[in-house]
Amino acid sequence: MQKYTSPAQWLEENYFNENGFTYTVVGDNTYAIKEELKELGFKWSPLFKWHKEDVAIDEPLPAACQILPLNYRDYLTWSEESGNMIPKATAKEDIENKIREAEGPCLSQYLTEDIGTRVRHLTVTLKSKRGFSSKYGWTNIFTFVCGDDILTWFTATDHDDLEVGATYDLTGTIKKKEEYKGTKSTQLSRCIVKEK
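Residues numbered from 1 in each chain as written. Predicted model: local features only at pLDDT ≥ 70, side-chain atom pairs only at ≥ 80, totals over all residues. Heavy atoms only, no water.

S.K.: When you look at helix α3 (residues 91-103) in this model, what are you seeing that I'm missing?
M.R.: For an α-helix the count is 3.6 residues per turn, leaving residues at separations of three or four pointing the same way. With 13 residues, α3 extends 18 Å between its outermost C-alpha atoms, agreeing within 8% with the 18 Å of an ideal straight helix rising 1.5 Å per residue. For α3, the complete set of buried residues consists of A91, I95, E96 and I99. An end-on view of α3 places all buried positions within 125 degrees of arc, on one side of the element. Away from the buried face of α3 by more than 90 degrees, exposed residues E93 and E101 are located. Residues of α3 that are buried in the fold lie against β1 (21-26), β3 (49-52), β4 (66-71) and β6 (84-87). (Helix = DSSP H or I, 4+ residues; strand = E, 2+ residues; numbered from the N terminus. Expected span 1.5 Å × (residues − 1). Buried < 20%, exposed > 50% of the residue type's maximum accessible area, 1.4 Å probe, protein only. Arc of directions from axis to C-beta. Contact = heavy atoms within 4.5 Å.)

Structure below.
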């Protein structure tokens, strides 16, 4: 871990302004627009997400994004011994709560059909696509929105033809219903996705 000579040096090198503020991007899926955010000068931090020290009033931001000002004093303390900023015990949780408040309440509900039911011809928009590697190989995760509802699909099959923001006709089987940090989603399996 890098050692800094003063809090001011840490702030400057970690995208905070002289008043101790940084500006975090809040939006549905900032991962999908990470290249655009990098071009705009934002830096990724596990604690402060995509952020930078100053944002002009007329600065163009990706659609559906807003800016949340955060002050380091609320989340970090300076340690002379380590020459670094140390997160407070609840910093991560406090920032995530602040971001959720800024995004507003999630209106997503579970699909009303029972687990095991085949749902057909849902009009959905692809919100994000990502994946992870495990001992079983690579798994793709597709997240769709259907109205206000969030639907997820885990599959080993690549679907490079699916584009974030595009609308599709989706058929799938309800596998389970989950809630994570107050957001309800329905996981589907055996999906067929066609262009609308």
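S.K.: Where do I start with the sheet that holds strand β10 (residues 167-180) in this structure?
M.R.: Sheet architecture is closed into a barrel: five strands sit in the order β7-β8-β9-β11-β10, paired in mixed fashion. Between one strand axis and the next, the sheet turns by 40 degrees as a mean value, whatever way the strands run. (Pairing = 2+ DSSP bridges. Axes fitted to C-alpha atoms, helices over the stretch in contact; angles between N-to-C directions.)

S.K.: In this structure, what is going on with the pairing of strand β9 (residues 149-155)? I would like to understand it.
M.R.: Within a regular beta strand, the side chains point alternately toward one face of the sheet and then the other, so they alternate between its two faces. The buried fraction of β9 amounts to six of the seven residues, a majority that puts the element mostly inside the structure. The pairing of strand β8 (residues 137-146) with β9 spans seven bridges and is antiparallel. The residue bridging N140 from the neighbouring strand is T155, located in β9. Between β8 and β9, which pair antiparallel one after the other, the connecting turn spans two residues, and G147 there sits at a positive phi close to 70 degrees. Inspection of the sheet shows β9 paired to strand β11 (residues 183-195) by four bridges, in the parallel sense. By the bridge assignment, I150 is partnered in β11 with S185.

S.K.: Any chance you could explain the sheet that holds β3 here in plain terms?
M.R.: Within a sheet, each strand pairs with its neighbour through backbone hydrogen bonds, oriented either parallel or antiparallel. Strands sit in the order β2-β3-β1-β4 across an open sheet of four strands; the sheet is antiparallel. This sheet does not close on itself; its edge strands, each paired only once, are β2 (43-45) and β4. Averaged over all pairs of adjacent strands, the angle between strand axes in this sheet comes to 40 degrees, irrespective of strand direction. One ladder, built from six bridges, connects β1 with β4; its direction is antiparallel. Across the sheet, Y23 pairs through a bridge with P69, a residue of β4.

S.K.: Looking at this model, I keep getting lost on the environment of T112. Mind explaining?
M.R.: For T112, the location among the structural elements is in the loop between α3 and β7 (118-134). The class for T112 is exposed, based on a relative accessible area of 73%. Separated by 61 residues in sequence, T112 and T173 place their C-alpha atoms 13 Å apart.

S.K.: Is there a simple way to think about unusual backbone geometry in this case?
M.R.: Glycine aside, negative phi is the norm for most residues, and most peptide bonds take the trans geometry. With a phi angle near 65 degrees, Y15 is a residue other than glycine that sits in the positive phi range. Considering the arrangement of structural elements, one finds Y15 in the loop between α1 (7-13) and β1. Backbone geometry places K49, a non-glycine residue, at a positive phi of 60 degrees. Among the secondary structure elements, K49 is positioned in strand β3. Classification of K49 as buried rests on a relative accessible area of 18%.

Read these as geometric descriptors, not functional statements.
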